[in-house]
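In case you want the letters, here they are:
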Amino acid sequence: MVSEMEKEVNKRRTFAIISHPDAGKTTITEHLLLYSGAIREAGTVKAKGKKSNKFAKSDWMEIEKQRGISVTSSVMQVDYDGYQVNILDTPGHEDFSEDTYRTLMAVDAAVMVVDSGKGIEAQTKKLFEVVSQRGIPIFTFMNKLDRDGREPLDLVTELEEVLGIDAYPMNWPMGMGKTLLGLYDLYNQRVEIRQEGEEASFYDLDEEGQVKGDLPFKASSIYSQAIEDALLLHEAGNDFDRQAIAEGKLTPVFFGSALTGFGVQTFLDAFIELAHAPSPTLTKDGQAINPTDDRFTGFIFKIQANMNPAHRDRIAFVRIVSGRFEKGINVTLARTGKGIRMAHTTQFMADAREEVQDAYAGDIIGLYDTGNFQIGDTLYTGNQVVEFPDLPLFTPEVFMKVAPKNVLKQKSFHKGIEQLVQEGAIQLYRTYHTEEYILGAVGQLQFEVFQYRLLHEYNAEVEMTPMGSKIARWIDPDQLDPKMSSSRNLLAKDRFGQPVFLFENQFAENWFKDKHPDVVLKQLM
Ligand code: G4P
């Protein structure tokens, strides 16, 4: 018999959308909210004035403003067709940061939204690489089919070549832009016809792959060409393979238009069916923790400080790995061995941010934090110690020299830096010989947040000197000769004392490699 716990866990689908800014992440999210009944009306979410905000907000906050509903910037939980769908936001635009990457450590699947006019763009590629290392399913939505875009075959080929993943087209566009007739849906064995301003209509296929019956659109050359292309692709292309999809080796590709909602529901239905529920997670010592395990376990993947100085609270985001969370349970923080009562928590629903009563593996809960937690912390119930592996560090791309403005405030400056670094807000480096402070980050906004928090939380004003983007590469201390450093590759050390070169650009790195062919240069994830 299926237990209550199994039923709950099997209903969970926890994922993030990865895409380049403007590909349509917000619009697709909005449709999910619409189908789940969380909002009533879809429309373009205009994000005007975003650039002028000092602390860029997530697009979801824009939805919140537009729609007058409460959506947190980070996690949404909606009920879709009886499933509990948890969508984690991956901040893009100017608030792209390590948090964006870390969020990908807490999901069971990723949806990649591609603008079919542009193909695979830089940010999508970066995010894909992080997701792909986790071996979780990746679903592709080729968006903006209502516009004239690139050839579908061209898009699929590029996806396979640039990202190095096999693709399986689940449906195939019949026309594009003004000539868009519909989707030839191989997976569901039907054709989905687009009607301007109306809901899509569906027609079943016969054994030959033709729409049954005598319908006017069958006379269109767009229809016959699409069928020909799709069938040919099926013959010559990859086989549909559930296992390969589950392991992230094969990405199912869907075409559609988030703006008009065309093909979105078809996509979401297939996603729910093919993306798996939470699966076992390995601990540091290799023990597999089953999501339906009785004891509660989870890890913290993000800590969000409140930017409003009137509220000094922070929220630690916990991904539940196993068991059932009930309000007020006592857990142990693995890093310190200390007991903590989880009394003040919050869950993220599409229509309200409310106190959590209970939650299951796959869910994300927010824990009010007064400074106890660090990114990567494990929480567990019971006597047996559980500790999940540390979250990976990501290679920073932009750097900044930093020093206290007021030498008399050195102490608070050091304390502030140390805590913010531990929290994972920023990475700290020193120049190798002169020990000057260098901050490294994935995105520019992290520096601004750092400066703001240091001032408001630690009362320390800082002097920041931008160093621009650099390529950080670690080197084995045994291979290091300080003479290898030059103006184009600054030698620094990370906070564990490990030597790292900060190359000015790709040219400088290549030049170094040519000059020192035996030296191994490494990067973080
Ligand atoms: P993002 O979250 O990935 O950054 O993208 P978002 O959904 O905000 O979409 C970016 C822009 O692209 C939006 O236009 C949105 O309306 C449009 N868009 C999204 N999906 C589609 C689609 O399927 N077809 C078409 N034609 N457009 C789509 P915007 O911000 O209002 O900009 P604009 O109206 O000034 O161009």
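Look a little higher up for the structure.
Described in the following lines is the structure provided in the data block. This structure is a prediction, so every number in the text was calculated from the model and none was measured. (Residues numbered from 1 in each chain as written. Predicted model: local features only at pLDDT ≥ 70, side-chain atom pairs only at ≥ 80, totals over all residues. Heavy atoms only, no water.)

### Examining the side chain of Ser201
Thinking step 1. Tracing the backbone through its elements, the reader meets Ser201 in strand E10 (residues 201–204).
Thinking step 2. By relative accessible area, Ser201 is classed as buried at 18%.
Thinking step 3. A polar atom in the side chain of Ser201 sits 3.2 Å from the side chain of Gln195.
Thinking step 4. The residues touching Ser201, leaving out its near neighbours within four places in the chain, are Val191, Glu192, Ile193 and Gln195. (Helix = DSSP H or I, 4+ residues; strand = E, 2+ residues; numbered from the N terminus. Buried < 20%, exposed > 50% of the residue type's maximum accessible area, 1.4 Å probe, protein only. Polar contact = N/O pair within 3.5 Å; in protein donor to acceptor, adjacent residues only side chain to side chain. Contact = heavy atoms within 4.5 Å.)

### Quick word on the pairing of strand E30 (residues 499–503)
Thinking step 1. A large share of E30 lies buried, amounting to five of its five residues.
Thinking step 2. One ladder, built from four bridges, connects strand E28 (residues 471–475) with E30; its direction is antiparallel. Bridge pairing links Arg473 to Phe501 in E30.
Thinking step 3. Strand direction decides the pairing type here: strand E29 (residues 489–494) and E30, joined by five bridges, are antiparallel. When the sheet's bridge partners are listed, Leu491 is paired in E30 with Phe501.
Thinking step 4. Between the antiparallel neighbours E29 and E30 lie four residues, among them Gly497 with a positive phi of about 85°. (Pairing = 2+ DSSP bridges.)

### Brief notes about the pattern of salt bridges
Thinking step 1. For the structure shown, the criterion picks out 28 salt bridges.
Thinking step 2. Taking the shortest distance from any N to any O, the salt bridge between Glu4 and Lys7 comes out at 4.0 Å. Here Lys7 and Glu4 lie together in helix H1 (residues 4–10), a separation of three residues that amounts to about one turn.
Thinking step 3. According to the relative accessible area criterion, Lys7 is partly exposed, its value standing at 49%.
Thinking step 4. Measuring nitrogen to oxygen at the nearest pair gives 3.2 Å for the salt bridge that ties Lys513 to Glu509. (Salt bridge = Lys/Arg side-chain N within 4 Å of Asp/Glu carboxyl O.)

### Some details on the packing of helix H2 (residues 25–35) against helix H9 (residues 264–274)
Thinking step 1. Taken N-terminus to C-terminus, the directions of H2 and H9 make an angle of 80°; their axes are 11 Å apart at the nearest point. As judged from the angle between their axes, H2 and H9 are roughly perpendicular. Facing H2, whose interface residues are His31, Leu32 and Tyr35, H9 presents Val264, Gln265 and Leu268.
Thinking step 2. The residue inventory of the contact of H2 with H9, partitioned by class, reads four nonpolar, two polar and no charged. (Axes fitted to C-alpha atoms, helices over the stretch in contact; angles between N-to-C directions. Parallel < 35°, antiparallel > 145°, perpendicular 65-115°, else oblique. Nonpolar A, V, L, I, M, F, W, Y, C, P; charged D, E, K, R; others polar.)

### Brief notes about the site of the ligand
Thinking step 1. As a matter of local geometry, the ligand sits amid 20 residues, with Asp22, Lys25, Thr26, Thr27 and Asp146 nearest to it.
Thinking step 2. Within the backbone of Leu259, one N or O atom sits 3.1 Å away from an oxygen atom of the ligand.
Thinking step 3. A per-class count over the shell around the ligand returns four nonpolar, nine polar and seven charged. (Near = heavy atom within 4 Å.)

### What about unusual backbone geometry?
Trans peptide bonds make up most of the peptide bonds, and negative phi angles are found at most residues other than glycine.
Thinking step 1. Of note, Lys144 is a non-glycine position whose phi angle comes to about 70°, a positive value.
Thinking step 2. Along the chain, Lys144 falls in the loop between strand E5 (138–143) and helix H6 (152–163).
Thinking step 3. Of the residues examined, Lys144 reaches a relative accessible area of 18% and is grouped as buried.
Thinking step 4. Even without being glycine, Asn459 reaches a positive phi, approximately 55°.
Thinking step 5. Assignment of secondary structure puts Asn459 in the loop between helix H11 (445–458) and strand E27 (462–469).

### A closer look at the sheet that holds strand E1 (residues 12–19)
Thinking step 1. If you walk across this open sheet you meet the seven strands as E2-E3-E1-E4-E5-E11-E6, and the pairing is mixed. At either end of the open sheet lies a strand with only one pairing partner, and these are strand E2 (75–80) and strand E6 (166–169). Here the average twist between neighbouring strands, direction ignored, is 30°.
Thinking step 2. Examined bridge by bridge, strand E4 (residues 109–115) and E5 share six bridges and lie parallel to one another. Across the sheet, residue Val114 finds its bridge partner in E5, namely Met142.
Thinking step 3. Those strands touched by H2 are E1, E2, strand E3 (83–88), E4 and E5, and its axis lies near 40° from that of E2.

### Digging into the packing of aromatic side chains
Thinking step 1. Applying the stated criterion across every chain yields a total of 20 aromatic pairs.
Thinking step 2. When the centroid spacing of 5.3 Å and the interplanar angle of 70° are considered together, the rings of Phe503 and Phe512 count as edge-to-face. There is no split in this pair, since Phe503 and Phe512 are both buried.
Thinking step 3. Directly above the aromatic system of Tyr432 lies the positively charged group of Lys493, at a separation of 5.5 Å from the ring centroid. (Phe/Tyr/Trp six-rings, centres within 6.5 Å; stacked < 30°, edge-to-face > 60°. Lys NZ or Arg CZ within 6 Å of the ring centre and 35° of its normal.)

Function cannot be read off these values alone, since they describe shape.
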